[in-house]
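Structural overview
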Amino acid sequence: MSSSVQSLGRAQARRIALAAQGFTDPPHAVPTMRTLTRAVQRTGVLQVDSVNVVQRAHLVPLYSRMGGYDVDLLRRASSGRRRRLVEYWAHVQALMPVELWPVMQHRMEHYRSRRHKWFSSLDLSLESSLLAEVRERGACTARDLDDGLPRAKEHWGWNWSETRKVLDYLYMVGELAIAGRNSQFEVRYDLPERVLPPEVLALPTPGPDDAARELVRRAARSHGVATPRCLRDYYRMSAAATRRAVAELTEEGELVPVTVEGRPAYLHRDARLPRRVAARALLSPFDPLVWERERTEWLFGFRYRIEIYVPEAQRVHGYYVLPFLSGDRLTARVDLKADRRALGGAGRLLVRAAYAEADAPPEVAAELAVELARFAGWLGLAEVRVEPRGDLAAPLAAELPSG
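The next subject is the sheet that holds strand E1 (residues 7-8). Ordered in space as E1-E10-E11-E9, the four strands form an open sheet in which the pairing is mixed. At either margin of the open sheet sits one strand with a lone partner, and together these are E1 and strand E9 (225-226). One ladder, built from two bridges, connects E9 with strand E11 (residues 263-268); its direction is antiparallel. Residue pairing for E11: Ala 226 is matched across the bridge by Tyr 266. In the packing of helix H12 (residues 208-223) onto the sheet, contacts are made with E9, strand E10 (255-260) and E11, and the angle to E11 comes to roughly 100°.

In structure tokens:
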């Protein structure tokens, strides 16, 4: 698109955002590593979260863009000698491209400089001994290294030992890196030189201003069109660093000021505006398309809140609710649970509640039923069962074999 664009309608902005996020990429019959790499180039990062009601959070955005894929592709991309992705505090805890490791050095130094303010309660006398243990033993979980130190149960029920706290500090400041996770989803820590490819470790470390420009540049590409708040949130940057980077990238012509129905925003110069978007996908609560809730409401008119930490009696839509993307609109939402023990171990995808948006098209139940069946197949579940909660539950159940 050219710099002559001055004003965009909301529907145009939605299509730009969906194209930037990979929802217009041509599908591959069998997704490959190349497909995955392309998808991650679009999203920039994949948020990691421990909740496994349906599937791990970092796995679902790839499915939403690629369709049914072998999750071993992501394991291979985030491990081994040809590692493409590594975990760090990029958005929040997230898988990011390995080449962002040097870009994040300024963030690591920031955490180190606030060691006594933010990490004052840690037993940092453990620091050198834990590093020595990891150096000798290789990739370890906190449990592997924990010798029975006292644990404190607090903060949403986490039960972290002093070992775990110090390991996380060492990871935040770049002394350790995450080699992967075990089958219990526990982090395995190792030395950066045994996790990152040597060519990545050899890259120069950009200064804070250059790093900020690179992160805003990547955020703008992943958004397509964005407000300054959207650009700041993508990599959780400071307001001042974001402002400077936006001003410089605008001066250089990489960001183009526009308005979206009167709201100031920035268009990335390489953003595409497709004539139409024919997407159909369920979205994780942690999908980059919807994780900034104000942006979701601005672009899609879709008010979305995750209610995991809300007492059950106070939940509006359910515990783990996934928006349904149809075309270029969010037309419904479903509260899902993967019951892997049902049907003698064959498994069932439970739709605990289903709601249509006020402007949803008449065919929303039929479209959602197709997507739920496809999603269940990817999860390895034998059937979809709809429970009678929500205005879309009855028509959705009628569209499914179990209905």
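Looking now at the sheet that holds strand E4 (residues 93-97). Across the sheet, which stays open at both edges, the three strands sit in the order E2-E4-E3 with antiparallel pairing between neighbours. Looking at strand neighbours, the two that pair on one side only are strand E2 (46-47) and strand E3 (85-89), the edges of this open sheet. Along the sheet face, helix H9 (residues 162-172) touches E3 and E4 and points at about 110° away from the line of E3.

Now for helix H14 (residues 239-251). Along an α-helix, residues three or four apart share an orientation, since each turn contains 3.6 residues. Relative to the 18 Å expected for 13 residues at 1.5 Å per residue, H14 spans 18 Å between its end C-alpha atoms, a close match to the ideal helical length. Tucked into the core, H14 has its buried residues touching H12, helix H13 (228-234), E10 and E11. One or two residues past the end of H14 sits Gly 253, with phi positive at roughly 90°.

Counted under the stated rule, the structure contains 31 salt bridges. Salt-bridge contacts for Arg 333 lead to Glu 357; the nearest nitrogen and oxygen are separated by 2.9 Å. In this pair, Arg 333 is assigned in strand E14 (residues 329-339) and Glu 357 in the loop between strand E15 (348-356) and helix H16 (364-379), connecting sequence segments 24 residues apart. Comparing Arg 333 with Glu 357 shows no difference in burial state: the two are buried. Connected through salt bridges with shared partners, the residues Glu 99, Glu 214, Arg 217, Arg 218, Arg 221 and Glu 254 form a single ionic network.

Following both chains from N to C, one finds helix H7 (residues 126-137) and H9 inclined at 80°, their axes separated by 10 Å at the closest point. Judged on the interaxial angle alone, H9 and H7 are roughly perpendicular. Counted together, Leu 126, Glu 127, Leu 130 and Leu 131 of H7 and Glu 162, Thr 163, Val 166, Leu 167, Tyr 169 and Leu 170 of H9 form the full contact between these two elements. By residue class, the composition of the contact of H7 with H9 is seven nonpolar, one polar and two charged.

The rules we used
Residues numbered from 1 in each chain as written. Predicted model: local features only at pLDDT ≥ 70, side-chain atom pairs only at ≥ 80, totals over all residues. Heavy atoms only, no water. Pairing = 2+ DSSP bridges. Helix = DSSP H or I, 4+ residues; strand = E, 2+ residues; numbered from the N terminus. Contact = heavy atoms within 4.5 Å. Axes fitted to C-alpha atoms, helices over the stretch in contact; angles between N-to-C directions. Expected span 1.5 Å × (residues − 1). Salt bridge = Lys/Arg side-chain N within 4 Å of Asp/Glu carboxyl O. Buried < 20%, exposed > 50% of the residue type's maximum accessible area, 1.4 Å probe, protein only. Parallel < 35°, antiparallel > 145°, perpendicular 65-115°, else oblique. Nonpolar A, V, L, I, M, F, W, Y, C, P; charged D, E, K, R; others polar.

Everything listed here is a matter of coordinates, which is why it stays silent on function.
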